[in-house]
Every structure is written in structure tokens, then in C-alpha cells.
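# Analysis of the macromolecular model
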Amino acid sequence: LAKTTQPISMDSYEGQEVNITCSHNNIATNDYITWYQQFPSQGPRFIIQGYKTKVTNEVASLFIPADRKSSTLSLPRVSLSDTAVYYCLVGDFSLTGGGNKLTFGTGTQLKVEL
Amino acid sequence: DTAVSQTPKYLVTQMGNDKSIKCEQNLGHDTMYWYKQDSKKFLKIMFSYNNKELIINETVPNRFSPKSPDKAHLNLHINSLELGDSAVYFCASSLRGRQYEQYFGPGTRLTVT
């Protein structure tokens, strides 16, 4: 699986937009980019997945440049409840792909304050 | 309605004991997983089952034995517990074609004394 690099921590204030960037220079053609969120004392929760360009859902947006060597998770107007660890994962999760397991790195600890 | 449930939530036991953690999902998923999150918060996959068949078995001591009686259940039995087994264990499930979207349980905090 492609190795990922994220900032260890980020601070923000309520109402701001937060962008967390993940580097994955060795991403393979069949790899997808997936983000998870983990609150303290809870299991991780799937946020969003993308392959290229932009993906948006009710929680976040994911921006992926043409070379796919990085990606940015964008959280609009964060609140205190968005304080969590955010994980960027890269892998081939297709039925025919061999990388059918999630490999979590250290993640980014986002702290949102008033 | 709990999607992925685990019991117990907390487990405190002594070295050398044998213990089990149960996991159930009511999402209709066909793939289930066990993860271990250590004190440094690293989350690592241990096992994965698809339709009751073992498909991922990471480098885990054979003291750990998963059992899947049916698609909705994946239990984890641990023999001869060691201090290093202390961690939070998460169960998860997904559809086989959507392994990237896993649903995690609340975790079981195991403390071995």
C-alpha cells in the first residue's frame, strides 16, 4: 500500500474551514484515497473516498490533483464536535485488488476551539 | 439500533487467562474484521473474514483465534493472555466490494495485569 504522510496535529476555531493535506507520492494506478475520522474512545468512521478531481458529500470534500500524489480533506465550518483524529488511507480496495485491507497511519489530530 | 456491537466494552484480566470478545453486526455485511489499537494509538488489522472464510491473517500470535459462526458474527478468543495484549480491540464490517467503507464497533478495552 502507498505510504501516506499527514501533519501530526492541526488547530482551528469554530466556523472556520479546515484543510488537511495528505501526501502519497507512491500511489498506484488502482489505488483509491479514503479518509476516516476517529473520536476519542470510539472506532474510526468512514468520511469520504475518491480517485481523482473532487468528491463532495454531506460531511466533507476531497480534492485530488491530476498527479494524485496528494489529497486534501476539506471540512467546512468546523465545530467543537469535529475535534478528532483524521486518517488518510490509500489502497486498492476493488474486488480484484490485493490490497483489501485498511492500513492506518498516525493520522492528524484536529483540535477545534471556540 | 447498533450497527456493529462488541461485548464486553471493558475487560480486565490476569496474565495467563483465556478470554473472548464477541462481535455482531446487523448491517447485512459479508466481511468482518478485527483490529488492535495500542497505547500509541496505532490501529492495525489482525484478521478479516468474508462469508465465514478467513481472508486476512496478519502476523498475529497463534494465541489469537478468530471464529465466525455466521456472517453476522466474528468472535476473538485469546489464550494465555500477556501484558502486551493490553489494547483496544475493534471489530468492523463491510461489504466485500466496498472494503474501503468499514463500519467499526465501539471497541473493547482489554487490560492484562
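Residues numbered from 1 in each chain as written. Chains lettered and ligands numbered in written order. Predicted model: local features only at pLDDT ≥ 70, side-chain atom pairs only at ≥ 80, totals over all residues. Heavy atoms only, no water.

## Comments concerning the pairing of strand β4 (residues 45-50) of chain A
Residues and elements named next belong to chain A.
- The buried count for β4 comes to five of six residues, which makes it a mostly enclosed element.
- Note: strand β3 (residues 32-38) against β4, five bridges, orientation antiparallel. In the strand pairing of β4, glutamine 37 is matched with arginine 45.
- In this structure, the hairpin formed by β3 and β4 is closed by a connection of six residues, where serine 41 is found at a positive phi of approximately 65 degrees. (Buried < 20%, exposed > 50% of the residue type's maximum accessible area, 1.4 Å probe, protein only. Helix = DSSP H or I, 4+ residues; strand = E, 2+ residues; numbered from the N terminus. Pairing = 2+ DSSP bridges.)

## Focus: the layout of surface pockets
- Empty space within the largest pocket amounts to approximately 470 Å³.
- Around the largest pocket, the lining comprises 29 residues; the ones closest to its centre are Ser41(A), Gln37(B), Lys41(B), Val88(B) and Arg109(B).
- Contributing elements (two or more residues each) for the lining of the largest pocket: β8 (84-91) of chain A together with β9 (87-94) and β11 (108-112) of chain B.
- Ranked by the residues each element gives to the lining of the largest pocket, the list is headed by β11(B), at four residues.
- For the lining of the largest pocket, the residue count by class is twelve nonpolar, twelve polar and five charged. (1 Å grid on protein atoms, 1.4 Å probe; cavity = no way out; pocket = protein on both sides within 12 Å on 5 of 7 lines; lining within 4 Å. Points joined across faces, edges and corners; volume = space filled by probe spheres on them. Nonpolar A, V, L, I, M, F, W, Y, C, P; charged D, E, K, R; others polar.)

## Section: the interface of chain A and chain B
- Contacts between chain A and chain B engage 19 residues on the former and 21 residues on the latter.
- Summing both partners gives a buried area of about 1,600 Å² for chain A against chain B, and 56% of it is carried by carbon and sulfur.
- The interface formed by chain A and chain B contains zero salt bridges.
- Along the contact surface separating chain A from chain B lie three residue pairs in polar contact (both at pLDDT 80 or more).
- Per-element tally for the side of chain A that touches chain B: the top contributor is β3(A), with three residues. (Contact = heavy atoms within 4.5 Å. Buried area = accessible area lost by both parts, 1.4 Å probe. Salt bridge = Lys/Arg side-chain N within 4 Å of Asp/Glu carboxyl O. Polar contact = N/O pair within 3.5 Å; in protein donor to acceptor, adjacent residues only side chain to side chain.)

## Some remarks on the environment of Pro76(A)
Residues and elements named next belong to chain A.
- Locating proline 76 in the fold gives a position in the loop between β7 (70-75) and β8.
- Each C-alpha atom, one on proline 76 and one on alanine 60, is 6.9 Å from the other, the two residues being 16 residues apart in sequence.
- Not counting chain neighbours up to four residues away, the residues in contact with proline 76 comprise Gln16, Glu17, Val59 and Ala60.

## As for the packing of aromatic side chains
- Under the counting rule described, the total for this entry stands at twelve aromatic pairs over all chains.
- Here the aromatic rings of Tyr36(A) and Phe104(B) are separated by 6.1 Å at their centres, their planes lie at 85 degrees, and the arrangement is edge-to-face. Separated into two different chains, Tyr36(A) in strand β3 and Phe104(B) in strand β10 (residues 103-104) make up a pair that spans both.
- Overall, the relative accessible area of 0% leaves Tyr36(A) in the buried class.
- On the accessibility criterion, Phe104(B) (12% relative accessible area) is buried. (Phe/Tyr/Trp six-rings, centres within 6.5 Å; stacked < 30°, edge-to-face > 60°.)

## A short note on the pattern of salt bridges
Residue and element names in this part refer to chain B.
- Taken as a whole, this structure holds four salt bridges over all chains when the rule is applied.
- Arginine 63 is the salt-bridge partner of aspartate 85, the closest N and O atoms lying 2.8 Å from each other. With aspartate 85 in the loop between β8 (73-78) and β9 and arginine 63 in the loop between β6 (53-57) and β7 (64-70), this residue pair connects regions lying 22 residues apart in the sequence. Of the two residues, aspartate 85 and arginine 63, neither departs from the other in class, the shared state being buried.
- The closest approach of N and O atoms between glutamate 101 and arginine 98, which form a salt bridge, is 2.4 Å.
- Since its relative accessible area comes to 38%, arginine 98 is described here as partly exposed.
- Bridged by salt links that share partners, the residues Arg63, Glu82 and Asp85 form one connected network.

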